[in-house]
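The residues making up each chain are set out below.
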Amino acid sequence: MIDLRISALSPGVHTFTLHPSPDDLDLGDQAFRDISVDIRLDLSDHQAHVTLDTLAIAALVCDRTLVDFEEEVEGTHEVVFSSAAAHAIDAGSEPTDDLLPLDAGQTSLDLTTPIRDTLMLSLPQRCIAPGAEDAEIPTTFGALKDADGDVVDSRWKALLDRKNEN
């Protein structure tokens, strides 16, 4: 859990750099290492505007070759903790991902979910290992030749044998 204590901070802009572990962020099976989070906190009496810049090394699997590789990923996200959001939630509204409640007398901000979400959204949609675009992908496995000498996929062997019986 990543809690940022705000009780001793004066209103204004504050910056922090954190290096949380994957366990601190409840990342589970997702493999990240060397996580760094730069936080810019603009604090006032009734709200806290937080800008998160994340940087990490992610362990990925190439979609093209199924080779494991690592890639640096980075992301940015902004979230606002506001007393107005706290009043809206009390009135029955649901909190959003970018507008979270700030209760009167709250001493810290829980940044675990926004940091985790920023890291997860920084992962590429298509993971391609370096050099994988140029690699040749085999399209024939377990080559088998028929009676004419043509290559036949081994999965068709039973059918080819049946054909050759006739």
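Residues numbered from 1 in each chain as written. Predicted model: local features only at pLDDT ≥ 70, side-chain atom pairs only at ≥ 80, totals over all residues. Heavy atoms only, no water.

Before going further, it helps to spend a moment on the environment of Ser7. Secondary-structure assignment places Ser7 in the loop between strand E1 (3-5) and strand E2 (12-18). Since its relative accessible area comes to 42%, Ser7 is described here as partly exposed. Each C-alpha atom, one on Ser7 and one on Gln106, is 7.4 Å from the other, the two residues being 99 residues apart in sequence. A distance of 3.2 Å separates the side chain of Ser7 from the side chain of Arg5, its partner in a polar contact. (Helix = DSSP H or I, 4+ residues; strand = E, 2+ residues; numbered from the N terminus. Buried < 20%, exposed > 50% of the residue type's maximum accessible area, 1.4 Å probe, protein only. Polar contact = N/O pair within 3.5 Å; in protein donor to acceptor, adjacent residues only side chain to side chain.)

Attention now moves to a negative patch on the surface. Among the surface-exposed residues, Asp38, Asp53, Glu72, Glu74, Glu78, Asp97, Asp98 and Asp117 lie close enough to one another that they form a single negatively charged patch. No other element matches the three residues that strand E5 (residues 68-82) contributes to the negative patch. Position of Asp98 relative to the elements: it lies in the loop between helix H1 (83-90) and strand E6 (99-101). (Patch = residues over 30% accessible without salt bridge, like charges linked within 9 Å, V, L, I, M, F, W, Y side chains within 5 Å. Areas by Shrake-Rupley, 256 points an atom, 1.4 Å probe, with all protein chains shown as cover. Salt bridge = Lys/Arg side-chain N within 4 Å of Asp/Glu carboxyl O. Lys, Arg positive; Asp, Glu negative; His and termini not counted. Charge placed at Lys NZ, Arg CZ, Asp CG, Glu CD.)

Moving on: the pattern of salt bridges. Taken as a whole and judged by the stated rule, the model has four salt bridges. Of the charged contacts, one joins Asp34 and Arg33 as a salt bridge, the two residues approaching to 2.6 Å between their closest N and O atoms. On the accessibility criterion, Asp34 (54% relative accessible area) is exposed. A salt bridge links Arg126 to Glu133; its shortest N-O distance comes to 3.4 Å. In this structure Glu133 comes out as partly exposed when scored by relative accessible area, which is 45%. Through salt bridges with shared partners, a single ionic network connects Arg33, Asp34 and Glu70.

On to the side chain of Ser122, then. Tracing the backbone through its elements, the reader meets Ser122 in the loop between helix H2 (112-121) and strand E8 (144-145). Judged by relative accessible area, which is 14%, Ser122 ranks as buried. A distance of 2.6 Å separates a polar atom in the side chain of Ser122 from the backbone oxygen of Leu119. Beyond its immediate stretch of four places on either side in the chain, Ser122 contacts Val73, Glu74 and Gly75. (Contact = heavy atoms within 4.5 Å.)

Here the focus is unusual backbone geometry. Non-glycine residue Asp26 carries a positive phi angle of around 50°. Judged by relative accessible area, which is 55%, Asp26 ranks as exposed. For Asp34, which is not a glycine, the phi torsion comes out positive at approximately 50°. Its place among the elements puts Asp34 in strand E3 (residues 32-43).

Read across the open sheet, the five strands follow the order E2-E3-E4-E5-E6; overall the sheet is mixed. Looking at which strands have only one partner, the edges of the open sheet turn out to be E2 and E6. For this sheet, the mean inter-axis angle between neighbouring strands, taken without regard to orientation, is 25°. Across 15 bridges, the pairing between strand E4 (residues 47-61) and E5 is antiparallel. Directly across from Ala56, in E5, lies its bridge partner Val73. (Pairing = 2+ DSSP bridges. Axes fitted to C-alpha atoms, helices over the stretch in contact; angles between N-to-C directions.)

Moving on, we get to the nonpolar core. Phe32, Val50, Phe81, Leu109 and Leu111 are the most contacted members of the largest nonpolar core, which has 33 residues in total. Of all the secondary structure elements, the ones that give two or more residues to this core are E3, E4, E5 and H2. Sequence-distant contacts of Val50, defined by excluding residues within four places in its chain, comprise Ile39, Arg40, Leu41, His77, Glu78, Val79, Phe81, Leu109 and Leu111. (Core = buried A, V, L, I, M, F, W, Y, C linked by side-chain atoms within 4.5 Å.)

Structurally, His14 is set in strand E2. Those residues within four positions of His14 in sequence are excluded, and the remaining contacts are Leu9, Ile39, Arg40, Leu41 and Leu43.

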